[in-house]
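One-letter residues, chain by chain:
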Amino acid sequence: MTRVAIVTGGTRGIGEAISLALKELGYTVAANYGGNDAKAQAFTDATGIPSYKWDVGDYEATLAGCAKVAEDLGPVDVVVNNAGITRDGVLQRMSFEDWNEVMRINLGGCFNMAKATFPGMRERGWGRIVNIGSINGQAGQYGQVNYAAAKSGIHGFTKALAQEGAKYGVTVNAIAPGYIDTEMVAAVPAPVLEKIVAKIPVGRLGHAEEIARGVAFLCSEEAGFVTGSTMSINGGQHMY
Ligand code: CAA
């Protein structure tokens with residue numbers, strides 16, 4: 001049976017690798033994106049994976065976007081909440097908007113996507129939700145009170161929804177990536193990033209495909225007994 005999967009932020013960075021990995025495994029994939037039309041078009045042209053534009057931080061837009069995907073491709077069985085932004089800065093210089101945008105998109109997006117798709121998964125007795133958290137939600141990070149709070153919230157959200165989904169065959173898990181070689185990490189000032197990489201025992205940044213492999217496992221039929229868990233994929237940078 002072909003499962004339908006939505007990957008938010010699925011046309012770039014880690015999300016792009018996840019969309020591709022799920023497609024290779026036979027899922028029918030819809031890649032959501034928020035802003036970069038040119039990149040989304042290039043992604044769709046190159047992969048054949050349709051891209052759908054909406055802001056996951058916008059509740060109504062998310063309900064409408066997910067309904068459109070279901071109409072085009074069929075009921076949604078798998079959701080990967082990957083969309084996320086950074087607005088880094090020390091608290092002293094962080095505006096309310098920097099705080100609010102990160103909470104609205106990174107954490108609010110998970111709620112909005114779950115509201116749109118969890119009821120159907122529950123009714124059909126099968127579903128997979130994978131939320132992309134972060135090492136910085138586990139360990140905190142200087143200059144990221146907004147991002148660390150939102151990502152930490154994702155880990156709590158995951159454990160709570162996992163309890164609600166368990167008896168309906170819906171698993172809810174998180175992956176906590178470390179520093180991955182994407183545009184988001186490339187935006188960290190070079191001297192700061194050098195110091196961070198020096199603290200990664202594996203000695204390098206991760207690759208998006210290394211996160212996608214974890215997502216693929218959590219979405220599989222075989223992972224039905226894995227729920228409420230967090231898989232850390234961070235090169236050994238944070239262990240606990
Ligand atoms: N611990 C303690 N002190 C630190 C520190 C740290 N980790 N990082 C910086 N500082 C100190 C600096 O040494 C400096 O001290 P002095 O003024 O005494 O020299 C002071 O804080 C100010 O540092 P900056 O010059 O860097 O300050 P800034 O205002 O220009 O920039 C910042 C602050 C925006 C937070 C910048 O340091 C930064 O971008 N840091 C990286 C944050 C980060 O890791 N973001 C991750 C993005 S990727 C991601 O989020 C994906 C994921 O999930 C992993």
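Residues numbered from 1 in each chain as written. Predicted model: local features only at pLDDT ≥ 70, side-chain atom pairs only at ≥ 80, totals over all residues. Heavy atoms only, no water.

Some details on the UniProt feature "domain: Ketoreductase" (unreviewed entry) in the protein
Phase 1: Following the UniProt record, one finds the feature "domain: Ketoreductase" (unreviewed entry) at residues 3-178.
Phase 2: The span residues 3-178 shows a helical share of 53% and a strand share of 18%, and its end C-alpha atoms are spaced 28 Å apart. (UniProt positions renumbered as here; feature names shortened; annotations may be inferred. Helix = DSSP H or I, 4+ residues; strand = E, 2+ residues; numbered from the N terminus.)

Overview of the sheet that holds strand β2 (residues 28-33)
Phase 1: Pairing within the open sheet is parallel, and its seven strands lie in the order β3-β2-β1-β4-β5-β6-β7. Each edge of the open sheet is held by one strand with a lone partner, namely β3 (51-53) and β7 (230-233). Pairs of neighbouring strands in the sheet enclose a mean axial angle of 20°, with direction left out of account.
Phase 2: Sheet contacts for helix α6 (residues 145-165): β5 (127-132), β6 (170-177) and β7; angle to β6, the most-contacted strand, approximately 160°. (Pairing = 2+ DSSP bridges. Axes fitted to C-alpha atoms, helices over the stretch in contact; angles between N-to-C directions. Contact = heavy atoms within 4.5 Å.)

Description of the pattern of salt bridges
Between side chains of opposite charge, a pair can form as their charged atoms come close.
Phase 1: Within this structure, the stated rule accounts for nine salt bridges.
Phase 2: When the shortest N-O distance is used, the salt bridge between Lys53 and Asp37 registers 3.1 Å. One end of the pair, Lys53, is in strand β3; the other, Asp37, is in helix α2 (residues 37-47), and 16 residues separate them in sequence.
Phase 3: Taking relative accessible area as the criterion, Asp37 reaches 40% and is therefore assigned partly exposed.
Phase 4: With a closest N to O distance of 2.8 Å, Arg204 and Glu210 form a salt bridge.
Phase 5: Relative accessible area serves as the criterion here: at 35%, Arg204 is assigned to the partly exposed category.
Phase 6: Here the salt bridges share partners, and the residues they tie into one network are Asp55, Glu101 and Arg104. (Salt bridge = Lys/Arg side-chain N within 4 Å of Asp/Glu carboxyl O. Buried < 20%, exposed > 50% of the residue type's maximum accessible area, 1.4 Å probe, protein only.)

Let's talk about the state of the cysteines
Phase 1: Taken as a whole, this structure holds zero disulfides when the rule is applied.
Phase 2: The cysteine Cys66 is free of any disulfide, with Cys110 supplying the nearest cysteine sulfur at 12 Å.
Phase 3: For Cys66, a relative accessible area of 3% puts it in the buried group.
Phase 4: Free of any disulfide, Cys219 has its nearest neighbouring cysteine sulfur in Cys110, separated by 14 Å. (Disulfide = S-S within 2.5 Å.)

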